[in-house]
Amino acid sequence: MEIHVDRARCTGIGMCESVTADYFEVLDDGTLVLHRVDVPEHDIALIEDAVRACPAAALSLESGHEV
Amino acid sequence: MDGSKAGLVVVGASLAGLRAVESARRAGYSGAITLIGEEVHAPYDRPPLSKQFLVDSPNPVPLCTEEDLRERLGVRLLLGRAAAGLDPDAHVVRLDGGHQVPYHRAIIATGAKARGLNGSGGLAGVHTLRTVEDASAIRDALTPGTRVVVVGAGFIGAEIASSAVSVGATVTIVEAAPAPLVRAVGELVGTELARLHDLAGVRVVLGARITELLGTARVTGVRLADGQVVRADVVVVGIGAVPATEWLSGSGVELDPVDGGIVCDAFLRTSVADVYAAGDVASWPNAIMDQRMRMENWTGAAELGARAAVNALFPDRATAFETVPYFWSDWYGSRIQFAGTALAERAEIVTSDVEHAQFVALYSTGSRLAGAATLNQPAKIMKLRRLIQRRASLDEAVQLLQRSRTVPVPEPVAGRAQPCP
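Sequence positions are assigned chain by chain, starting from 1 and proceeding in written order. In the order they appear in the text, chains get letters beginning with A and ligands get numbers beginning with 1. Selection of residues for local features in this predicted model requires a pLDDT of at least 70, selection of side-chain atom pairs for listing and counting requires 80 or more, and totals for whole chains, interfaces and linings are taken over all residues.

1. What about the pairing of strand S5 (residues 92-95) of chain B?
Residue and element names in this part refer to chain B.
1) Next: The sheet contact formed by strand S4 (residues 83-87) and S5 spans 4 bridges and is antiparallel. Paired with Ala83 across the two strands is Leu95, which belongs to S5.
2) Next: A pair of strands is labelled paired if DSSP reports no fewer than 2 bridges between them. Every helix listed is a DSSP run of H or I at least four residues long, and every strand listed is a run of E at least two residues long, numbered separately from the N terminus. Taking the residues that link successive antiparallel strands as the turn, the S4-S5 hairpin has 4 residues, and the phi of His91 there is positive, at about 55°.
3) Next: As paired strands, S5 and strand S6 (residues 100-102) are joined by 3 bridges and run antiparallel to one another. Along S6, the bridge assignment pairs Arg94 with Gln100.
4) Next: Counted between consecutive antiparallel strands, the loop separating S5 from S6 contains 4 residues, among which Gly97 sits at a positive phi close to 95°.

2. Here we look at the sheet that holds strand S11 (residues 170-174) of chain B
Residue and element names in this part refer to chain B.
1) Next: Taken together, 5 strands build an open sheet; the order of strands is S9-S16-S10-S11-S12 and the sheet is parallel. Two strands close off the open sheet at either side, each with one partner strand: strand S9 (126-128) and strand S12 (203-205). On average, each strand axis in the sheet is tilted by 20° relative to the strand beside it, whichever way the strands run.
2) Next: Bridging between strand S10 (residues 147-151) and strand S16 (residues 234-237) involves 4 bridges; their strand directions are parallel. Within S16, the position partnered with Val149 by the bridge is Val235.
3) Next: For the purpose of contact definition, each residue receives a C-beta atom placed from its backbone, and two residues are in contact when these atoms lie within 7 Å. Convention adopted: a line fitted to C-alpha atoms gives each axis, helices being fitted over their contacting stretch, and angles between N-to-C directions are expressed from 0 to 180 degrees. Sitting on the sheet, helix H4 (residues 132-141) touches S9 and S16, and the angle it makes with S9 is about 140°.
4) Next: Along the sheet face, helix H5 (residues 155-166) touches S10, S11 and S16 and points at about 165° away from the line of S11.

3. Regarding the interface of chain B and chain A
1) Next: Facing 12 residues of chain B, the contacting portion of chain A comprises 11 residues.
2) Next: Of all elements in the fold, only helix H7 (298-313) and helix H8 (381-389) of chain B reach the threshold of two or more residues within the side of chain B that touches chain A.
3) Next: Here the residues of the side of chain B that touches chain A are counted per class, giving 7 nonpolar, 2 polar and 3 charged. Polarity classes work like this: nonpolar for Ala, Val, Leu, Ile, Met, Phe, Trp, Tyr, Cys and Pro, charged for Asp, Glu, Lys and Arg, and polar for all others, with Gly in that last group.

4. Quick notes on the domain arrangement of chain B
1) Next: Just so you know, the domain bounds were taken from an automatic or database domain assignment. Examined at the domain level, chain B breaks down into domain 1 (3-113 + 242-317), domain 2 (116-239) and domain 3 (333-414).
2) Next: Computed from C-alpha coordinates alone, the two centres of domain 1 of chain B and domain 3 of chain B are separated by 33 Å.

5. A word on the environment of B:Gly186
Residue and element names in this part refer to chain B.
1) Next: Along the chain, Gly186 turns up in helix H6 (residues 182-199).
2) Next: As a rule, residues whose C-beta atom has 12 or fewer other C-beta atoms within 10 Å are exposed, those with 20 or more are buried, and those in between are partly exposed; C-beta atoms are placed from the backbone. When the 26 C-beta atoms within 10 Å are taken as the criterion, Gly186 is described as buried.
3) Next: Counting along the chain gives 156 residues from Gly186 to Ala342, while the straight-line C-alpha distance between them is 5.9 Å.

6. Quick look at the nonpolar core
1) Next: Judged by nonpolar contacts, the single largest core of 151 residues is most densely connected at B:Val10, B:Ala20, B:Ile107, B:Val235, B:Ala277, B:Ala278 and B:Ala361.
2) Next: Leave out the neighbours within four places in its chain, and B:Ile107 touches B:Val10, B:Ala20, B:Tyr276, B:Ala277, B:Ala278, B:Ala308, B:Ala309 and B:Ala312. Put simply, a nonpolar core is a cluster of buried Ala, Val, Leu, Ile, Met, Phe, Trp, Tyr and Cys residues tied together by C-beta atoms within 7 Å.

7. Here's the deal with the packing of helix H1 (residues 15-26) of chain B against H7(B)
All names here are of chain B.
1) Next: Running from N to C, H1 and H7 cross one another at 40°; their axes reach a closest spacing of 7 Å. Considered as vectors, H1 and H7 are oriented oblique to each other. H7 is crossed by H1, and the crossing has right-handed handedness. Across from Leu15, Ala16, Gly17, Leu18, Arg19, Ala20, Ser23 and Ala24 in H1, the residues of H7 making contact are Trp298, Ala301, Ala302, Leu304, Gly305, Ala306, Ala308, Ala309, Val310 and Leu313.
2) Next: Tallied by class, residues from the contact of H1 with H7 come to 14 nonpolar, 3 polar and 1 charged. With respect to orientation, any angle under 35 degrees is reported as roughly parallel, any angle over 145 as roughly antiparallel, any angle of 65 to 115 as roughly perpendicular, and every other angle as oblique. Each crossing is labelled by how the near helix is turned from the far one, with a counterclockwise turn of less than a right angle marking it left-handed and a clockwise turn marking it right-handed.

8. A look at the packing of H8(B) against helix H9 (residues 394-404) of chain B
All names here are of chain B.
1) Next: Orientation of H8 relative to H9, taken along the N-to-C sense of each, is 160°, at an axis distance of 10 Å. When the axes of H8 and H9 are compared, the pair comes out roughly antiparallel. Once H8 is placed against H9, the crossing between them reads as right-handed. For the pair H8 and H9, the contacting residues are Lys383, Leu384 and Leu387 in the first and Glu396, Ala397 and Leu400 in the second.

9. Quick word on H6(B)
Residue and element names in this part refer to chain B.
1) Next: Under the convention used throughout, the expected extent of a helix is 1.5 Å for every residue step, that is, one less than its residue count. Over its 18 residues, H6 runs only 20 Å from end to end, short of the ideal 26 Å by more than 12%, given 1.5 Å per residue.
2) Next: Take the seven residues that end at a residue and the seven that start at it, fit an axis to each, and the angle between those axes is the bend at that residue. Of all the bends found along H6, the most pronounced is centred on Leu188 and spans about 85°.
3) Next: Restricting attention to buried positions, one finds in H6 the residues Val182, Val185, Gly186, Leu188, Val189, Gly190, Glu192, Leu193, Leu196 and His197.
4) Next: Once H6 ends, the next one or two residues include Gly201, with phi positive near 80°.

10. Comments concerning the sheet that holds strand S2 (residues 33-37) of chain B
Residue and element names in this part refer to chain B.
1) Next: The sheet built from 5 strands is open, its strands ordered S3-S2-S1-S7-S19 with parallel pairing. At either end of the open sheet lies a strand with only one pairing partner, and these are strand S3 (75-79) and strand S19 (275-277). Across the sheet, the axes of successive neighbouring strands diverge by a mean angle of 15°, strand direction being ignored.
2) Next: As judged from the 4 bridges shared by strand S1 (residues 8-11) and strand S7 (residues 105-108), these two strands associate in the parallel manner. Opposite Val10, over in S7, you have Ile107 as the bridge partner.

11. A look at the environment of B:Ala200
Residue and element names in this part refer to chain B.
1) Next: Tracing the backbone shows Ala200 in the loop between H6 and S12.
2) Next: Given 17 C-beta atoms within a 10 Å radius, Ala200 is considered partly exposed.
3) Next: Between the C-alpha atom of Ala200 and that of Ser364, which follows or precedes it by 164 residues, the distance is 31 Å.
4) Next: Apart from residues lying up to four places away in sequence, Ala200 is in contact with Val165 and Tyr332.

12. Let's talk about the pairing of S11(B)
Residue and element names in this part refer to chain B.
1) Next: Of all 5 residues in S11, 4 are buried, a share of seventy percent or more.
2) Next: As paired strands, S10 and S11 are joined by 5 bridges and run parallel to one another. Within the sheet, the bridge partner assigned to Val149 lies in S11 and is Thr172.
3) Next: Once the chain exits S10 it traverses H5 before rejoining the sheet at S11, and the crossover so formed is right-handed.
4) Next: In terms of strand pairing, S11 meets S12 through 3 bridges, oriented parallel. If you follow Thr172 over to S12, its bridge partner there is Arg203.
5) Next: The handedness of the S11 to S12 crossover, carried by H6, is right-handed. With the strands pointing away from the viewer, any crossover whose connection runs clockwise from the first strand over the helix to the second is right-handed.

Okay, here's the thing in structure tokens:
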């Protein structure tokens, strides 16, 4: 599974970073950076928490392409 | 009767109520769920109502569709129905009009109602903001050149002022307290934030009590206690909200005598068996902040709703709810963020860059970091929130800011926060 950010919606509120700083970090200019995009099985529940926590509904967890 | 068949009844169909429903299903609850909402709409997002909605966004942002609620979440929806009472012995919620909804477990998430100004009854052009209808009426009234008086310099008032300015209205904010936002962020940070209004050309009149709304059919201005008259085509009242709990009076559900919030324990249980509370109504002992709290913010409503449902339906999985409160606000293109509590012994501005309209303020009690307020420093706030979460010291927070700082740091400006209760 992969994290997708809708950049048109994201305003850098930072709830995702609050859920897990291993994946998400908001920079000084308010831009969200993803430290990792691929989500292993054991982190899916955590990233789902981050998706739900986003007040801007800017995050989604989608199936990545097959490698 | 077999109570469990009555299932879960959630009273209040905004964010906290929706999150309660979603959380119940996610946790594996397969029983009946009824969601009761006073408004006719499916849950929608409130934060935009004082922001984009007033400026350029024509529709409310839905949090969930009715179809989704009914079909995906298996919810019986009772929208446009206000709760009128709760009978703990009979385990029923009574609706306006007398209809009774039995419950096995109930979650009260009826939110808050905007406080109005005394004596504004019937005068056109006087608004409060809570619902999408309120926001539509304000948006229709805001046109270039409109003279707007915003009553109350709190976050909602400030956001409305900002939106009004961006559509070309002329705005005056009238605030009763000597400094804005004292309850939310303390005097030091409140005073600092008020500068944003000055920079945007918004006049802020502090320590000003309104004695009269002028006009006969339609408002034409406000008269202040010192006799000053501020002319207005539109008056928007943003003087806070009160928990929507009047309907519970006489039910046995204990209410806070001061603010009308629902007194809960750490598990969000009310004083009445099988009844829980979430969202703006819920007052609960927040262990991580060492104080009883009631939050009026998006994050809190979402988290409380989710936790209340699991605690109500799965007692073996029940956990005490604790959180470091967090909220944000957008004024004139600036972002204000706050984590923790302003009810601390001290507040100080630790880093500040006036030119770029940036600062970080830290609140502390003893050596512990209790809260953080930032202006246009979005990279800092969640790192600070995490420090508060793990009971870090003020020193650790200062070190974090020194490591990451990009702007020169002047000597800290110390100020008095609010005394601890």
